[in-house]
Amino acid sequence: MAFIGGQQTGGENMEDLKVAVCVCTECVMKGAMDIIESIESLNDVKDVLELSRGIYIETVKCIGEAKHGMKSPIVSVGNVVIEKANTETVMAQILEMTK
């Protein structure tokens, strides 16, 4: 779990944007850890970006069906599920939902 923006109070705040990243073997092999690192890097530029809300990162075993190899990696940004996610699509969705 990581928290970007505001103060961490032991978990997700109702106003925070929850980003869940699947870290099953298939998703990790296809770039899930790079996506997590990119999201965490937002902390370095949060003041410049003027984010309207914090970002709560959660790692989960699976999002959706257990065997989702062709859809990996899978990331959930708020209520939007991104299949075949990459850093660019995830960051664009986060920025859209925090501006």
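Keep in mind that this is a model prediction, so the values were computed, not measured. (Residues numbered from 1 in each chain as written. Predicted model: local features only at pLDDT ≥ 70, side-chain atom pairs only at ≥ 80, totals over all residues. Heavy atoms only, no water.)

Section: the packing of helix H2 (residues 32-49) against helix H3 (residues 87-98)
The condition that has to hold: An axis is simply a line fitted to the C-alpha atoms; with a helix, the fit covers only the stretch in contact. Between two such axes, the angle follows the N-to-C directions and lies from 0 to 180 degrees. Working definition: helices are DSSP H or I runs of at least four residues, strands are E runs of at least two. Numbering for both runs from the N terminus. Between 65 and 115 degrees an angle is taken as roughly perpendicular, under 35 as roughly parallel, over 145 as roughly antiparallel, and anywhere else as oblique. The hand of a helix crossing depends on one turn: near helix anticlockwise from the far one by less than a right angle means left-handed, and clockwise means right-handed. When checking whether two residues touch, look at their non-hydrogen atoms; a contact exists if any pair is within 4.5 Å.
Contact geometry for H2 and H3: axes closest at 10 Å, N-to-C directions at 40°. Judged by the inter-axis angle, H2 sits oblique to H3. By crossing handedness, the relation of H2 to H3 is classed as right-handed. Along the contact surface, H2 presents Asp34, Ile35, Ser38, Ile39, Leu42 and Leu49, while H3 presents Thr87, Val90, Met91, Ile94 and Leu95.

Some details on the side chain of histidine 68
To be explicit about the condition: Per-residue accessibility, obtained with a 1.4 Å probe over protein chains only, is compared with the maximum for each type, and a residue is labelled buried under 20%, exposed over 50%, and partly exposed between these values.
Along the chain, histidine 68 turns up in the loop between strand E3 (55-60) and strand E4 (75-77). Overall, the relative accessible area of 2% leaves histidine 68 in the buried class. Sequence-distant contacts of histidine 68, that is, excluding residues within four places in its chain, are made with Cys22, Cys24, Glu26, Cys27, Cys62, Ile63 and Ile74.

Let's talk about H2
Put simply, the rule is: Two axes enter the bend calculation: one fitted to the seven residues ending at the residue in question, the other to the seven starting there, and the bend is the angle between them.
Residue asparagine 43 marks the point of greatest curvature in H2, where the axis turns by about 55°. Residues Ala32, Ile35, Ile36, Ser38, Ile39 and Leu42 constitute the buried set of H2. Immediately downstream of H2, the backbone of glutamate 50 shows phi near 50°, a positive value.

Topic: the environment of asparagine 43
Among the secondary structure elements, asparagine 43 is positioned in helix H2. Take asparagine 43: its relative accessible area is 36%, and that puts it in the partly exposed class. For the pair asparagine 43 and isoleucine 55, spaced twelve residues apart in the sequence, the C-alpha separation amounts to 9.2 Å.

Here we look at the side chain of threonine 98
Cut-off, in case you're wondering: Identification of polar contacts relies on pairs of N or O atoms within 3.5 Å, with a donor-acceptor requirement for protein atoms, meaning one able to donate a hydrogen and the other able to accept it, and with residues adjacent in sequence counted only if both atoms are side-chain atoms.
In this fold, threonine 98 is placed in helix H3. The class of threonine 98 is buried, set by a relative accessible area of 0%. One polar contact links the side chain of threonine 98 to the main-chain carbonyl oxygen of isoleucine 94, over a distance of 2.8 Å. The contacts of threonine 98, once residues within four sequence positions are left out, are Leu17, Glu50, Leu51, Ser52, Arg53 and Ile55.

Considering unusual backbone geometry
A negative phi holds for most residues other than glycine; trans holds for most peptide bonds. With omega at -10°, the peptide bond leading from serine 72 into proline 73 counts as cis. Residue placement: proline 73 occurs in the loop between E3 and E4. The residue glutamate 50 is not glycine, and still its phi comes out positive at about 50°. Here glutamate 50 shows up in the loop between H2 and E3.

Concerning the state of the cysteines
Formally: Cysteine sulfur pairs qualify as disulfides if the two atoms are within 2.5 Å.
Under the criterion given, the structure shown has zero disulfides. Residue cysteine 22 stays outside any disulfide, its sulfur separated by 3.6 Å from that of cysteine 27, the closest cysteine. Accessibility expressed as a relative area gives 0% for cysteine 22, which makes it buried. Cysteine cysteine 62 shares no disulfide, and the gap to the nearest cysteine sulfur, in cysteine 22, comes to 4.5 Å.

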